[in-house]
Amino acid sequence: MRKTHLWISLIVGVLVWSAYFAHFIQSLRGATTGGLVWWFLGALAVTVLAETVATGLIGWLFRRRARALDEGPTLQAALKAGHVALMLLILLVLVAAAVLALASQFGWSLDLAGPRGQVIAANALLAMVVAAELLRAALTLALLPRR
């Protein structure tokens, strides 16, 4: 069931967040970022709902065929993937901090005080979290023992 949930999480995450970030980029091109909070909340709700329903449905349909994964290798795969995802998230945050520090050093204004700058900053942080989570799911699947 863990493997199934990881696949569902990975597929739903890629589809939903790709659609969200495509809309975000189109909003930036159109110079209007209003309403993105509703798109974000909608994407979050769709992700949670789709993962819950799909995992529950597949678990219910295949409940008799389910086999237990060996906890040792499964746990080790999850721990390794979680560690790599955490390191990616830390790297992305440090790169963002370095960009902000360098910009201030050279006197460049990234205009984060305005609404547009705040939306861009919030979505940059969201992209970091989404990237780390998708990496965690994909790497866990890659590291799970084959049967």
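Residues numbered from 1 in each chain as written. Predicted model: local features only at pLDDT ≥ 70, side-chain atom pairs only at ≥ 80, totals over all residues. Heavy atoms only, no water.

## Considerations on the overall build of the protein
The number of helices and strands found in the protein is four helices and zero strands. Listing every helix and strand of the protein by position from the N terminus yields α-α-α-α. Relative to a compact globule of 147 residues, whose C-alpha radius of gyration would be 15 Å, the protein shows 19 Å and is clearly more extended. Burial status across the protein gives 25% buried among its 147 residues. Here the contacts in the protein between residues at least 6 apart in sequence split such that 85% fall between residues at least 24 apart. Total accessible area on the protein is roughly 9700 Å²; 72% of this is exposed by carbon and sulfur atoms. (Helix = DSSP H or I, 4+ residues; strand = E, 2+ residues; numbered from the N terminus. Rg over C-alpha atoms; globule rule 2.2 N^0.38 Å. Buried < 20%, exposed > 50% of the residue type's maximum accessible area, 1.4 Å probe, protein only. Contact = heavy atoms within 4.5 Å. Areas by Shrake-Rupley, 256 points an atom, 1.4 Å probe, with all protein chains shown as cover.)

## Digging into the packing of helix α1 (residues 2-29) against helix α4 (residues 115-143)
One way to put it is that α1 packs onto α4 with a least axis distance of 10 Å and a crossing angle of 155 degrees. Taken together, α1 and α4 sit at an angle that is classed as roughly antiparallel. Seen along the crossing, α1 lies across α4 with a hand that is left-handed. (Axes fitted to C-alpha atoms, helices over the stretch in contact; angles between N-to-C directions. Parallel < 35°, antiparallel > 145°, perpendicular 65-115°, else oblique. Left-handed = near helix turned anticlockwise from the far one by under 90°.)

## A few points about the layout of surface pockets
Taken as a whole, the second largest pocket encloses approximately 230 Å³ of empty space. What lines the second largest pocket is simply A96, V99, L100, L110, L112, G117, I120, A121, A124, L125 and M128. Elements with a minimum of two residues in the lining of the second largest pocket: α3 (71-105) and α4. Among the elements that take part in the lining of the second largest pocket, α4 stands out by supplying six residues, more than any other. (1 Å grid on protein atoms, 1.4 Å probe; cavity = no way out; pocket = protein on both sides within 12 Å on 5 of 7 lines; lining within 4 Å. Points joined across faces, edges and corners; volume = space filled by probe spheres on them.)

## What about the side chain of T140?
For T140, the location among the structural elements is in helix α4. Those residues in contact with T140 that lie beyond four places of it in its chain are L6, A77, A78 and A81.

## Concerning a nonpolar patch on the surface
On the surface, a nonpolar cluster with roughly 500 Å² of combined accessible area is contributed by L91, V95, V99, L100, L110 and L112. Following the sequence through the fold, L112 ends up in the loop between α3 and α4. According to the relative accessible area criterion, L112 is partly exposed, its value standing at 38%. (Patch = residues over 30% accessible without salt bridge, like charges linked within 9 Å, V, L, I, M, F, W, Y side chains within 5 Å. Salt bridge = Lys/Arg side-chain N within 4 Å of Asp/Glu carboxyl O.)

## Describing helix α2 (residues 36-61)
Taking 1.5 Å as the rise per residue, α2 with 26 residues should run 38 Å; its terminal C-alpha atoms sit 37 Å apart, in good agreement. Where α2 is concerned, the buried positions are L36, A43, T47, E51 and T55. At its buried positions, α2 is contacted by α1 and α4. (Expected span 1.5 Å × (residues − 1).)

## Description of α4
Helix length check: α4, at 29 residues, gives a terminal C-alpha distance of 42 Å against a target of 42 Å (1.5 Å per residue), a fit within 8%. Of the residues making up α4, those classed as buried are G117, V119, N123, L126, M128, V130, A132, L134, A137, T140 and L141.

## Observations concerning the environment of I120
Position of I120 relative to the elements: it lies in helix α4. The class for I120 is partly exposed, based on a relative accessible area of 34%. As for I120 and T33, which are separated by 87 residues in sequence, their C-alpha atoms are 8.9 Å apart. Those residues in contact with I120, other than ones at most four positions away along the chain, are F24 and L28.

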